Amino acid sequence: LGWSIYKSHRVLKLLMGFQGVGWPTPISVFHTLINVPVNVFIYGKYSPDTWLSNLPVLSIFCSLMFIIGTYVYVSKPDKYNLKVSLLSIFIVGSVVISFGGMTTLSLLVPFIYLVVAVGTGYMLSQWYRVFPRNPIAQGAGILAIVAVISLTALYQTRQYFVAWSHNSTTQRIFNI
């Protein structure tokens, strides 16, 4: 692979998901790089062929759990290798996305949800720390986490399978 990249820079462009004729301008790369966290947390780019309207990738619950999960990774000194790995994945993934090729935010979504899962687990462990011996309170905590995760999963499922597929703009694009 290294030899192939050395011999032909076209292979590097294909590996980065960029199939355009020329390289993107530095300003467009910087603009797209800045928009990666904005598209994940605040609002998404308008792309009716892949996403519904201008909705962000994460819901409010997932955004909060991502923040808490990030706090957990930053505050735990014994997880240094994992912190470096996740940070490098986010940085390299964001840079690859910023080149504007075929690579989209889908590259980062599994790792984002890994941090969301860590945040959710941390919240549950904090709940158990407050109520270490009360089975009713522990059951209520589990029930609350399961209910919120179920509602979030239902929201995301309805957003993708119902709202996106029945959107008039999406139907128009896929009728062509």
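Residues numbered from 1 in each chain as written. Predicted model: local features only at pLDDT ≥ 70, side-chain atom pairs only at ≥ 80, totals over all residues. Heavy atoms only, no water.

Enquirer: Help me out: how do you make sense of a nonpolar patch on the surface in this one?
Expert: A cluster of nonpolar residues, Leu33, Leu87, Ile91, Val92 and Val95, forms a patch on the protein surface that exposes about 410 Å² of accessible area. The leading source of residues in the nonpolar patch is helix H5 (residues 80-98), at 4 residues. By the secondary structure assignment, leucine 33 is in helix H3 (residues 26-41). Using a relative accessible area of 30% as the deciding quantity, one classes leucine 33 as partly exposed. (Patch = residues over 30% accessible without salt bridge, like charges linked within 9 Å, V, L, I, M, F, W, Y side chains within 5 Å. Areas by Shrake-Rupley, 256 points an atom, 1.4 Å probe, with all protein chains shown as cover. Salt bridge = Lys/Arg side-chain N within 4 Å of Asp/Glu carboxyl O. Helix = DSSP H or I, 4+ residues; strand = E, 2+ residues; numbered from the N terminus. Buried < 20%, exposed > 50% of the residue type's maximum accessible area, 1.4 Å probe, protein only.)

Enquirer: Can you walk me through the packing of aromatic side chains in this structure?
Expert: Remark: the centre distance and the inter-plane angle together describe each pair of aromatic rings, the angle taken between the planes. Tallied over the full model, the rule gives 6 aromatic pairs. Between phenylalanine 66 and phenylalanine 90, the ring centres sit 6.1 Å apart and the planes meet at 85 degrees, which makes this aromatic pair edge-to-face. Of this pair, phenylalanine 66 sits in helix H4 (residues 60-75) while phenylalanine 90 sits in helix H5, and the two are 24 residues apart along the sequence. Like phenylalanine 66, the residue phenylalanine 90 is buried in the burial classification. Residues tyrosine 160 and phenylalanine 161 carry aromatic rings whose centres are separated by 4.9 Å and whose planes lie at 85 degrees to one another, so their mutual orientation is edge-to-face. Using a relative accessible area of 40% as the deciding quantity, one classes tyrosine 160 as partly exposed. Overall, the relative accessible area of 56% leaves phenylalanine 161 in the exposed class. (Phe/Tyr/Trp six-rings, centres within 6.5 Å; stacked < 30°, edge-to-face > 60°.)

Enquirer: Quick question: what am I supposed to make of the side chain of glutamine 156 here?
Expert: By the secondary structure assignment, glutamine 156 is in helix H7 (residues 135-166). The class for glutamine 156 is buried, based on a relative accessible area of 18%. Non-local contacts of glutamine 156, meaning those with residues more than four positions away in its chain, are made with Val57, Leu58, Ser59 and Tyr113. (Contact = heavy atoms within 4.5 Å.)

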